[in-house]
Amino acid sequence: METLQKEHNLPLPPADKVLFQKQVQRELDDIRQEAENAYALDNEIDPIPDSAYDDASVLLEFLCNYKIPMPDIGWAEDGSLSVGWYPDKGMVTMGIYGDNLVIYNAFFEEKRQFEGICELSDTPVLSGFLTTLTR
């Protein structure tokens, strides 16, 4: 499965929550347009449901509280959105399908890895995952 993602310089989220929300909305609007254009050209690509964009917006706003660099945000041919960070010797991804679930994976070097699925509303699990990510 190929994931199409934009490249970013991983800036920190803006301290101003309104500015952050506008930035997230712009990013998701661009991704929506890109995914819809791809679907129009190839209907074997699964369309991304509106609920996935809503869930991504909630997740990204939650990330703002952790002062984590902005992730790469992209879409996948299976109808999902993804957010990811690619630190040295590692990779962290979160998949969003619009079903109120977040699928997360983290790989650091060859020894440390973890993965899981949690509800978007399960803030203790997400908090634990994001705290690990800040390290």
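Residues numbered from 1 in each chain as written. Predicted model: local features only at pLDDT ≥ 70, side-chain atom pairs only at ≥ 80, totals over all residues. Heavy atoms only, no water.

1. Overview of the overall build of the protein chain
Summing up its helical and strand segments, the protein chain has 3 helices and 6 strands in all. When the helices and strands of the protein chain are placed in sequence order, the string is β-α-α-β-β-β-β-β-α. Expressed as a percentage of its 135 residues, the buried residues of the protein chain come to 41%. In the protein chain, the proportion of contacts linking residues at least 24 apart, taken out of those at least 6 apart, comes to 52%. A total accessible area of about 8000 Å² is found for the protein chain, and carbon and sulfur atoms account for 49% of it. (Helix = DSSP H or I, 4+ residues; strand = E, 2+ residues; numbered from the N terminus. Buried < 20%, exposed > 50% of the residue type's maximum accessible area, 1.4 Å probe, protein only. Contact = heavy atoms within 4.5 Å. Areas by Shrake-Rupley, 256 points an atom, 1.4 Å probe, with all protein chains shown as cover.)

2. Topic: unusual backbone geometry
Residue Lys-89 is not a glycine yet carries a positive backbone phi of 55°. The topology assignment puts Lys-89 in the loop between β3 (81-85) and β4 (90-96). Taking the relative accessible area as the measure of exposure, Lys-89 reaches 64% and is therefore exposed. In this model, Asn-100 sits at a positive phi of 70°, which is unusual for a non-glycine residue. We classify Asn-100 as partly exposed; its relative accessible area is 30%.

3. Some remarks on the pairing of β3
Most of β3 is tucked away: 5 of the 5 residues are buried. Taking every second residue as pointing to the same face, both faces of β3 are buried, with Leu-81, Val-83 and Trp-85 on one and Ser-82 and Gly-84 on the other. Across 5 bridges, β3 lies against β4 in antiparallel orientation. Counted as the bridge partner of Trp-85 is Val-92 from β4. Hairpin connection between β3 and β4: a loop of 4 residues separates the two successive antiparallel strands, and Lys-89 in this loop has a positive phi of roughly 55°. (Pairing = 2+ DSSP bridges.)

4. Quick word on the nonpolar core
Of all hydrophobic cores here, the largest spans 36 residues; its most connected members are Trp-75, Leu-81, Trp-85, Met-94 and Leu-126. Those elements giving two or more residues to this core turn out to be α1 (17-41), α2 (50-64), β2 (72-76), β3, β4, β5 (101-108) and α3 (123-134). Element by element, the count of residues in this core is highest for α2, at 8 residues. Ignoring sequence-local partners within four residues, the contact set of Leu-126 consists of Leu-59, Phe-62, Met-94, Val-102, Cys-118, Glu-119 and Leu-120. (Core = buried A, V, L, I, M, F, W, Y, C linked by side-chain atoms within 4.5 Å.)

5. What to know about the packing of α1 against α2
The contact between α1 and α2 brings their axes to 10 Å, and the two run at 150°. Crossing of α1 against α2: the hand is right-handed. Contact residues: α1 offers Lys-17, Phe-20, Gln-21, Val-24, Leu-28, Ile-31, Arg-32 and Ala-35, while α2 offers Asp-50, Tyr-53, Ala-56, Ser-57, Leu-60, Glu-61 and Cys-64. For the contact of α1 with α2, the class distribution of residues is 9 nonpolar, 2 polar and 4 charged. (Axes fitted to C-alpha atoms, helices over the stretch in contact; angles between N-to-C directions. Left-handed = near helix turned anticlockwise from the far one by under 90°. Nonpolar A, V, L, I, M, F, W, Y, C, P; charged D, E, K, R; others polar.)

6. A closer look at the packing of aromatic side chains
In this structure the tally under the stated criterion is 3 aromatic pairs. Look at Tyr-104 and Phe-129: their rings are 4.5 Å apart centre to centre, the planes differ by 45°, and that puts the pair in the tilted class. Here the residue Tyr-104 occupies a position in strand β5, and Phe-129 occupies one in helix α3, the gap between them amounting to 25 residues. Residues Tyr-104 and Phe-129 agree in their burial class; the two are buried. Judged by centre distance (5.5 Å) and plane angle (75°), the rings of Phe-114 and Phe-129 are edge-to-face. Taken as a pair, Phe-114 in strand β6 (residues 112-119) and Phe-129 in helix α3 lie far apart in primary sequence, 15 residues in all. (Phe/Tyr/Trp six-rings, centres within 6.5 Å; stacked < 30°, edge-to-face > 60°.)

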